[in-house]
Amino acid sequence: MFNSMEVWLRILYVVFSFCSALVLGAIKGVLVGPFASLILILGNGGVILGLFPPHVYWTVYTLTQTNRLDVPLKVAFLLTLPALFGLWLALGIAGTVIVGLGYGFFTTFEAFRQDSESRKYFHCLVDGTWGTVKGSCTVVRDFADMCYHTYPLYLKELREASISDEHQTLRSVHVPACIIVGLMGLIIEIPLYTIIAVVKSPYLLIMGWYRLLHDLVSREGPFLETACIPIAGLAILLWPLIVVGSILLSVFSSIFIGLYGAIIVYQERSFRRGLAYIVAMVAEFDEYTNDLLYLREGSILPKPRYRSKKSSHAGDFSVGSSRPGKFIAVIEAPAMLIANLAPSRSVRETIQEVKMVQIWEHIMRSCVLRGKELVDANIILPADLDEWSRVKGSIDITLVGVGLPSYSLMQTLLDSIAAGAGGLLMLDGIEVNHLNVPQDRLLEWFFSPILVLKEQIKVINLSEGELRFLEKVVLFGTDTRRMETWDNGSIVPDDALRTAQIQGISRRLMGMTRSLSKFPTYRRRFSRVVKTLVAYSLEKSSSIGSMSPRSAASIVLV
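Procedures and definitions
Residues numbered from 1 in each chain as written. Predicted model: local features only at pLDDT ≥ 70, side-chain atom pairs only at ≥ 80, totals over all residues. Heavy atoms only, no water. Helix = DSSP H or I, 4+ residues; strand = E, 2+ residues; numbered from the N terminus. Buried < 20%, exposed > 50% of the residue type's maximum accessible area, 1.4 Å probe, protein only. Contact = heavy atoms within 4.5 Å. Areas by Shrake-Rupley, 256 points an atom, 1.4 Å probe, with all protein chains shown as cover. 1 Å grid on protein atoms, 1.4 Å probe; cavity = no way out; pocket = protein on both sides within 12 Å on 5 of 7 lines; lining within 4 Å. Points joined across faces, edges and corners; volume = space filled by probe spheres on them. Nonpolar A, V, L, I, M, F, W, Y, C, P; charged D, E, K, R; others polar. Salt bridge = Lys/Arg side-chain N within 4 Å of Asp/Glu carboxyl O. Expected span 1.5 Å × (residues − 1). Phe/Tyr/Trp six-rings, centres within 6.5 Å; stacked < 30°, edge-to-face > 60°. Axes fitted to C-alpha atoms, helices over the stretch in contact; angles between N-to-C directions. Parallel < 35°, antiparallel > 145°, perpendicular 65-115°, else oblique. Core = buried A, V, L, I, M, F, W, Y, C linked by side-chain atoms within 4.5 Å.

Each helix and strand counted, the protein chain has 19 helices and 2 strands in total. Taken over 558 residues, the protein chain has a buried fraction of 44%. Residue pairs at least 24 apart in sequence account for 78% of intrachain contacts in the protein chain once pairs closer than 6 positions are excluded. Working note: accessible area of the protein chain is about 29000 Å², and carbon and sulfur atoms make up 66% of it.

With that settled, consider the side chain of threonine 499. Examined against the element boundaries, threonine 499 turns out to sit in helix 17 (residues 496–516). Among the residues examined, threonine 499 registers a relative accessible area of 15% and is labelled buried. Setting aside its immediate chain neighbours within four residues, threonine 499 contacts Phe469, Val492 and Pro493.

Turning our eyes to something else, we now look at empty space enclosed by the protein. Rolling a probe over the atoms, with the probe sized like a water molecule, indicates the empty space that remains. Scanning the entire structure with this criterion turns up 1 cavity of 30 Å³ or more. In this structure, the largest cavity encloses a volume near 390 Å³. Lining the largest cavity are 24 residues; nearest its centre among them are Ile359, Ile363, Leu409, Ile450 and Leu516. Counting residues per element, the ones that place at least two in the lining of the largest cavity are helix 11 (356–376), helix 13 (398–418), strand 1 (424–425), helix 14 (441–460) and helix 17. Per-element tally for the lining of the largest cavity: the top contributor is helix 11, with 7 residues. In terms of residue class, the lining of the largest cavity is built from 19 nonpolar, 5 polar and no charged.

Overall, the coordinates contain 15 salt bridges when judged by the stated rule. Note that glutamate 373 is salt-bridged to arginine 370, the shortest N-O span being 3.8 Å. Note that glutamate 373 and arginine 370 are positioned in helix 11 at a spacing of 3 residues, about one turn of the helix. Note on glutamate 373: relative accessible area 38%, which makes it partly exposed. Overall, arginine 370 belongs to the buried group, its relative accessible area being 10%. Connected via shared salt-bridge partners are Arg141, Asp145 and Arg523.

The subject of this paragraph is the environment of valine 175. Structurally, the position occupied by valine 175 is in helix 6 (residues 174–218). Taking the C-alpha atoms as reference points, valine 175 and leucine 79, separated by 96 residues in sequence, lie 9.5 Å from one another.

A rise of 1.5 Å per residue sets the reference length of helix 15 (residues 464–476), with its 13 residues, at 18 Å; its end C-alpha atoms lie 19 Å apart and thus fit the reference within 8%. For helix 15, the tally of buried residues reaches 12 of 13 residues, placing the bulk of the element in the interior. For helix 15, the complete set of buried residues consists of Gly465, Glu466, Leu467, Arg468, Phe469, Leu470, Glu471, Lys472, Val473, Val474, Leu475 and Phe476. Where helix 15 is buried, its residues touch helix 11, helix 13, helix 16 (480–485) and helix 17. Within two residues after helix 15, glycine 477 carries a phi angle of roughly 65 degrees, on the positive side.

Bringing the packing of aromatic side chains into the picture now. All chains considered together, the criterion is met by 12 aromatic pairs. Relative to tryptophan 486, the ring of phenylalanine 476 has its centre 6.1 Å away and its plane inclined at 75 degrees; by these criteria the two rings are edge-to-face. Here the residue phenylalanine 476 occupies a position in helix 15, and tryptophan 486 occupies one in the loop between helix 16 and helix 17, the gap between them amounting to 10 residues. The burial state of phenylalanine 476 is the same as that of tryptophan 486; both residues are buried. Consider the rings of tyrosine 522 and phenylalanine 526, whose centres lie 5.7 Å apart with planes at 10 degrees: the pair is stacked.

So, on to the packing of helix 12 (residues 382–390) against helix 13. Remark: helix 12 packs on helix 13, axes separated minimally by 8 Å, with the N-to-C direction vectors making an angle of 105 degrees. Between helix 12 and helix 13, the crossing angle belongs to the class labelled roughly perpendicular. Residues Asp384, Leu385 and Trp388 of helix 12 touch helix 13, and the partners they reach there are Leu399, Val400 and Gly401. The class makeup of the residues in the contact of helix 12 with helix 13 is 4 nonpolar, 1 polar and 1 charged.

Glancing now at the nonpolar core. In terms of nonpolar packing, the biggest core is built from 53 residues, with Leu374, Leu475, Leu509 and Phe526 touching the most fellow members. Contributing elements (two or more residues each) for this core: helix 11, helix 12, helix 13, helix 14, helix 15, helix 17 and helix 18 (522–541). If near-sequence neighbours (up to four positions away) are discounted, phenylalanine 526 is found in contact with Met364, Cys367, Trp388, Val400, Gly401, Leu404 and Pro405. Formed by 24 residues, the second largest nonpolar core is a distinct cluster that contains Tyr193, Tyr277, Ala280 and Phe285.

As a further point, take the environment of leucine 155. Tracing the chain through its elements places leucine 155 in helix 5 (residues 130–159). For leucine 155, a relative accessible area of 9% translates into the label buried. Leave out the neighbours within four places in its chain, and leucine 155 touches Trp58, Thr59 and Thr62.

Next up on the list: unusual backbone geometry. Here the phi dihedral of arginine 269 falls at roughly 55 degrees; this positive angle occurs in a residue that is not glycine. Relative to the helices and strands, arginine 269 is located in the loop between helix 8 (239–268) and helix 9 (271–292). According to the relative accessible area criterion, arginine 269 is partly exposed, its value standing at 34%. For threonine 521, which is not glycine, the phi torsion reads 80 degrees and is therefore positive. In this fold, threonine 521 is placed in the loop between helix 17 and helix 18. For threonine 521, a relative accessible area of 18% translates into the label buried.

Written out as structure tokens, the structure is:
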């Protein structure tokens with residue numbers, strides 16, 4: 001009797017909390033949501049349409065100028081560009097509208113997130129209002145940075161590839177095969193993926209509700225924390241929309257899975273294996289959804305072998321490939337993008353992970369800290385900050401755009417080595433290692449190489465003078481004139497091999513920084529670092545000095 005009463009009390013509490021959050025969220029969504037949605041839709045849509053002609057020109061120009069592709073492969077890419085740009089326009093605009101509407105409404109549901117009783121009701125009313133509008137503006141800016149800065153940077157690296165870089169070739173006879181298989185992949189994969197997703201969607205709906213209700217009764221997963229109960233209750237109500245979204249995402253992923261058949265033809269130099277890939281991916285998708293929904297194992301559909309050897313081309317098409325000129329692709333085909341129905345971890349378990357925002361805060365705080373030290377030492381001059389601003393924050397400005405963040409990363413590695421940390425030691429004393437690193441795919445690509453570089457620095461056991469030389473090389477790159485002006489007690493090793501090792505470490509640090517600069521939100525965050533350094537420099541000198549008022553104002557307004 002007591003257990004039954006406790007269950008009903010829990011259900012009533014969840015219903016009351018959910019209804020309160022729903023009413024408050026709906027009111028704020030009606031008042032604030034349209035403005036945030038309009039900003040995001042018009043902003044991102046304007047970026048897509050406004051930069052579409054430059055994107056077409058930059059892409060075509062890069063394909064014609066790059067040395068990494070031979071003529072048949074260039075022709076194959078040029079022939080597929082109209083379809084790819086058409087998909088970019090269609091999916092970009094549709095995704096902008098869907099994300100804009102969802103963002104404007106759902107981000108207003110921030111009630112009950114504060115633990116302080118004295119300000120709980122204040123935050124219930126205020127959270128999700130003005131912050132939602134500012135967040136939509138931030139999303140637009142980050143998206144614009146990706147389209148206007150990051151994408152051209154990738155294209156520039158492709159154009160500037162040297163002849164010594166790996167040359168991708170394709171026989172002319174395979175060009176029609178790649179096109180045919182790519183088109184057949186679209187024709188076959190899209191309808192079959194749609195059918196499988198629609199047929200299995202009732203299972204996903206029922207099992208999702210079952211898992212959420214089970215967590216509700218047993219107070220597990222999202223229902224363990226009181227602050228998350230309203231949002232978890234909203235998940236129960238909106239689970240059918242999540243199922244519909246899963247179907248749409250499955251259809252969306254099938255487009256790229258189908259097009260990947262053309263890459264299989266290129267890799268295997270076989271039209272037959274490209275067709276086998278198309279058939280096998282349908283069976284793979286069916287098997288994946290069976291496993292996810294706890295249905296029968298495997299698939300009744302045929303799954304022919306489309307690789308000549310096991311793990312063929314894994315080195316050529318891997319994310320972590322160290323050889324230049326390699327395409328970055330995914331070997332395993334994407335599967336149905338639906339929620340995981342396995343028992344979820346509690347909020348208390350999840351919060352033990354270091355969050356991605358903490359990583360970003362450490363990177364930028366470290367840049368500010370090291371930047372102020374360099375400003376005090378007159379290594380970073382007001383003219384350097386002015387130069388970074390005049391070229392619109394280009395990463396190619398060595399001292400500020402590359403040197404400062406590379407120098408900051410190097411100091412983080414050295415501090416971690418000195419402290420005997422197994423991972424990376426952040427400014428607040430938290431150690432980031434493989435156990436608590438954020439589950440972010442982009443971060444995973446860089447975290448392991450950074451730890452490898454840390455071990456390499458530790459193994460070669462640099463002396464104090466060699467460490468100071470490494471600082472110079474990392475900060476100034478090949479600018480020997482600026483190196484000579486900084487007397488930091490550095491010693492150039494007499495051993496040529498030792499010097500080459502130090503220069504190799506500096507190149508890897510600078511390469512990691514350039515790669516990190518392509519991350520979303522990086523440019524916006526680094527602009528704040530430069531603003532802080534400008535303000536610090538002006539405050540320190542008590543007069544603008546060599547910087548003109550116009551130059552100082554231009555930097556602050558970046």
